[in-house]
Amino acid sequence: MANIKSAKKRILVNRTKAERNKAIRSGVKTSVKKVLAAVEANDKTAAAQALVAATATIDKAASKGVYHKNTASRKVSRLAKAVNKMA
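Residues numbered from 1 in each chain as written. Predicted model: local features only at pLDDT ≥ 70, side-chain atom pairs only at ≥ 80, totals over all residues. Heavy atoms only, no water.

Draft legend 1. Molecular detail of the packing of helix α2 (residues 44-63) against helix α3 (residues 69-84). Direction vectors running N to C along α2 and α3 enclose 175°, while the axes themselves pass 10 Å from each other. Taken together, the axis directions place α2 and α3 in an arrangement best described as roughly antiparallel. Across the interface between the two elements, K44, A47, A48, L51, A54, T55, I58, D59 and A62 of α2 pack against A72, K75, V76, L79, A80, V83 and N84 of α3. Tallied by class, residues from the contact of α2 with α3 come to eleven nonpolar, two polar and three charged. (Axes fitted to C-alpha atoms, helices over the stretch in contact; angles between N-to-C directions. Helix = DSSP H or I, 4+ residues; strand = E, 2+ residues; numbered from the N terminus. Parallel < 35°, antiparallel > 145°, perpendicular 65-115°, else oblique. Contact = heavy atoms within 4.5 Å. Nonpolar A, V, L, I, M, F, W, Y, C, P; charged D, E, K, R; others polar.)

Shown next, in the form of structure tokens:
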């Protein structure tokens, strides 16, 4: 356990940031699952709507620094490819 005041603060701040990042990552996973479920069900309109929502969620996570911008771009690209392949 840390004895120095600044080290104790770092532990608290890091824990807070980790919880925030975990919540954002969880939201991204949920939105990705919704897109993939719509693709599996062959529901074109639902998949397109879910893709828009997932793209926004992923971009927001990247802007907050939870995901690297290339990782976010790759995730969006793969989802869009899956939705477009349905047509």
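Draft legend 2. Structural view of a positive patch on the surface. The grouping of K5, K9, R10, K17, R20, K60 and K64 at the surface amounts to a positive patch. For the positive patch, the element with the highest residue contribution is helix α1 (residues 5-40), accounting for five residues. Along the chain, K64 falls in the loop between α2 and α3. A relative accessible area of 45% means that K64 is categorised as partly exposed. (Patch = residues over 30% accessible without salt bridge, like charges linked within 9 Å, V, L, I, M, F, W, Y side chains within 5 Å. Areas by Shrake-Rupley, 256 points an atom, 1.4 Å probe, with all protein chains shown as cover. Salt bridge = Lys/Arg side-chain N within 4 Å of Asp/Glu carboxyl O. Lys, Arg positive; Asp, Glu negative; His and termini not counted. Charge placed at Lys NZ, Arg CZ, Asp CG, Glu CD. Buried < 20%, exposed > 50% of the residue type's maximum accessible area, 1.4 Å probe, protein only.)

Draft legend 3. Highlighting the side chain of S31. Considering the arrangement of structural elements, one finds S31 in helix α1. A residue is classified by how much of its surface remains accessible, and S31, at 9% relative accessible area, is buried. Engagement of the side chain of S31 in a polar contact is seen with the backbone oxygen of V28, the distance being 2.8 Å. Apart from the residues lying within four places of it in its own chain, the contact partners of S31 are A54 and T57. (Polar contact = N/O pair within 3.5 Å; in protein donor to acceptor, adjacent residues only side chain to side chain.)

Fair warning: the whole summary comes from geometry, so function is off the table for now.
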